[in-house]
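Residues per chain are reported as follows:
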Amino acid sequence: MTLIDDARALLPDLVALRRDLHRNPEVGLVLPETQRRVLEELDGLGLEITTGTNTTSVTAVLRGGRPGPVVLLRGDMDALPVREETGLDFAATNGNMHACGHDLHVSGLVGAARLLAARREELPGSVIFMFQPGEEGDGGAKVMIDEGVLDAAGERPVAAYGIHVATGPWGEFSSRPGPLMAGANQLHVTVHGRGGHGSQPHTSTDPVPALLEIGTALNAMVTRKFSVFDPIVVTVTQLHAGEAINVIPPTATLGATVRTLSKEHTDLVIAETRRLAEGIAAAHGCTADVALDVMYPVTLNDPGEADFMADTLRDMFGADRYVDLPVPMMGSEDFSFVLDEVPGAFLFLGCTPRDRDPRSEPWNHSPLVHFDDEMLADQAAALAELALRRLAKGA
Ligand SMILES: [Zn+2]
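Residues numbered from 1 in each chain as written. Predicted model: local features only at pLDDT ≥ 70, side-chain atom pairs only at ≥ 80, totals over all residues. Heavy atoms only, no water.

A look at the environment of Gly215
So, point 1. Within the secondary structure layout, Gly215 lies in helix α5 (residues 207-225).
So, point 2. Once the C-alpha coordinates of Gly215 and Pro124 are considered, the two residues, 91 residues apart in sequence, prove to be 56 Å apart. (Helix = DSSP H or I, 4+ residues; strand = E, 2+ residues; numbered from the N terminus.)

Here it is, written out as structure tokens:
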């Protein structure tokens, strides 16, 4: 029996687990029921298990029967505060929804753990299974790193892999070397003036015109200061100034989401925005503060690991099942924190039901999105095979 055959034999169990999780979605860093379910599933596999302190994570280490390096496999566990509208018989009813498919990630990683535990004797090294809460904006990966997940096996992993299910052609794996998903950053600009009476602005220093000019100038900044071959997105989404309509406020603030594909451009955004905001504010007799909060770094696939991953998947499932993406996605993912520390690669798996056209299907995060769980066997097999082959390559 090949690993894929073994994985397909596990499919009924993995589907049942996925649907259980789907019925009971939990949001954020604290997912007690999901954690309980994962622990139950891993029980008896002979793994070294630890749980998180500041989050309900589960870290499980499988020690192979032969010496070798460490590989990390990750699955995120959290749902979204989305009210499900799929009408599926296992749809959630508690106001949350696994609308990003993390229920499949948990189930697929459990499958990989079972496949690899059954091959413990031939395994040349150790595998860390990282079950992570809080991907959707809470930076759960960072919390787990701070709590030691990367050192759980006693030495740092030589590689880390993760899979994300997505609206896309059924069973199509896709990724690319280098940047795969954007870094997500929050830009905050505050202009300080001097408040006054709205009827006589010349007696105050109005921060509002300065802020409006800064907002417009940010668009020009994007096209004049950043190479089009390393694109960024700057979208002003918040403007705040004043309470009363006849009062000039002392401050005015702007918020923008900034997506970048390189650390260089993340650093450049803050430097260029500061220059722009301070200069424009000064021209109006105001001052400006600029801050950039890096929420999630760029998800950067190591080129060697991405090639290894692509070769492995083509070899396992056939060349037509893997697509090399021409461009990154501007969405973000906190597996980036792991890839900042450990070389590795992240991968998408298209799970739109095969009888539907993915181009017209609702996307991840939609209350209508539907992921086909028949792909769970291939997902589990892919993770397990990546670990097996990477361990066999050595440190
Ligand atoms: Zn997700």
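On we go.
Things to note about the packing of aromatic side chains
So, point 1. Summed over all chains, the structure comprises five aromatic pairs.
So, point 2. For the ring pair Tyr161 and Phe308, a centre distance of 6.2 Å and an interplane angle of 40° mean the geometry is tilted. Of the two residues, Tyr161 sits in strand β5 (residues 159-166) while Phe308 sits in helix α7 (residues 303-317), which places them 147 residues apart along the sequence. The pair Tyr161 / Phe308 is uniform in exposure class, with both members buried.
So, point 3. Centre to centre, the rings of Tyr296 and Phe337 are 5.8 Å apart; their planes meet at 80°, and the pair counts as edge-to-face. (Phe/Tyr/Trp six-rings, centres within 6.5 Å; stacked < 30°, edge-to-face > 60°. Buried < 20%, exposed > 50% of the residue type's maximum accessible area, 1.4 Å probe, protein only.)

Thoughts on the sheet that holds strand β3 (residues 66-76)
So, point 1. Strands sit in the order β1-β2-β4-β3-β5-β16-β6-β15 across an open sheet of eight strands; the sheet is mixed. Looking along the sheet, the strands with just one partner apiece sit at the ends: β1 (48-51) and β15 (322-324). Between one strand axis and the next, the sheet turns through 20° on average, direction left out of account.
So, point 2. When β3 meets strand β4 (residues 124-132), the two strands line up parallel, connected through eight bridges. Considered in β4, the bridge of Val70 is made with Ser126.
So, point 3. Packed on one face of the sheet, helix α2 (residues 32-42) meets β1, β2 (58-63) and β4 and runs near 15° to β2. (Pairing = 2+ DSSP bridges. Axes fitted to C-alpha atoms, helices over the stretch in contact; angles between N-to-C directions. Contact = heavy atoms within 4.5 Å.)

A word on the packing of α5 against helix α6 (residues 263-283)
So, point 1. It is the contact of α5 with α6, at a shortest axis distance of 10 Å, that shows an interaxial angle of 140°. With respect to α6, the element α5 is oriented oblique. Along this stretch, α5 crosses α6, giving a crossing that reads as right-handed. Across the interface between the two elements, Ala210, Glu213, Ile214, Ala217, Leu218, Met221 and Lys225 from α5 touch Leu268, Glu272, Thr273, Arg275, Leu276, Ala277, Ile280 and Ala281 from α6.
So, point 2. Split into classes, the residues belonging to the contact of α5 with α6 amount to 10 nonpolar, one polar and four charged. (Parallel < 35°, antiparallel > 145°, perpendicular 65-115°, else oblique. Left-handed = near helix turned anticlockwise from the far one by under 90°. Nonpolar A, V, L, I, M, F, W, Y, C, P; charged D, E, K, R; others polar.)

A look at the nonpolar core
So, point 1. Leu42, Leu73, Leu116, Phe129 and Phe131 are the most contacted members of the largest nonpolar core, which has 70 residues in total.
So, point 2. Residue contributions to this core peak at 11 residues, all from helix α9 (residues 376-393).
So, point 3. Residues contacting Phe131, with those up to four places away along its chain left out, are Val38, Leu42, Ser57, Val58, Gly75, Met77, Val106, Leu109, Val110 and Met144.
So, point 4. Core analysis: the next-biggest nonpolar cluster, separate from the first, contains 26 residues, Phe226, Val258, Ala281 and Leu292 among them. (Core = buried A, V, L, I, M, F, W, Y, C linked by side-chain atoms within 4.5 Å.)

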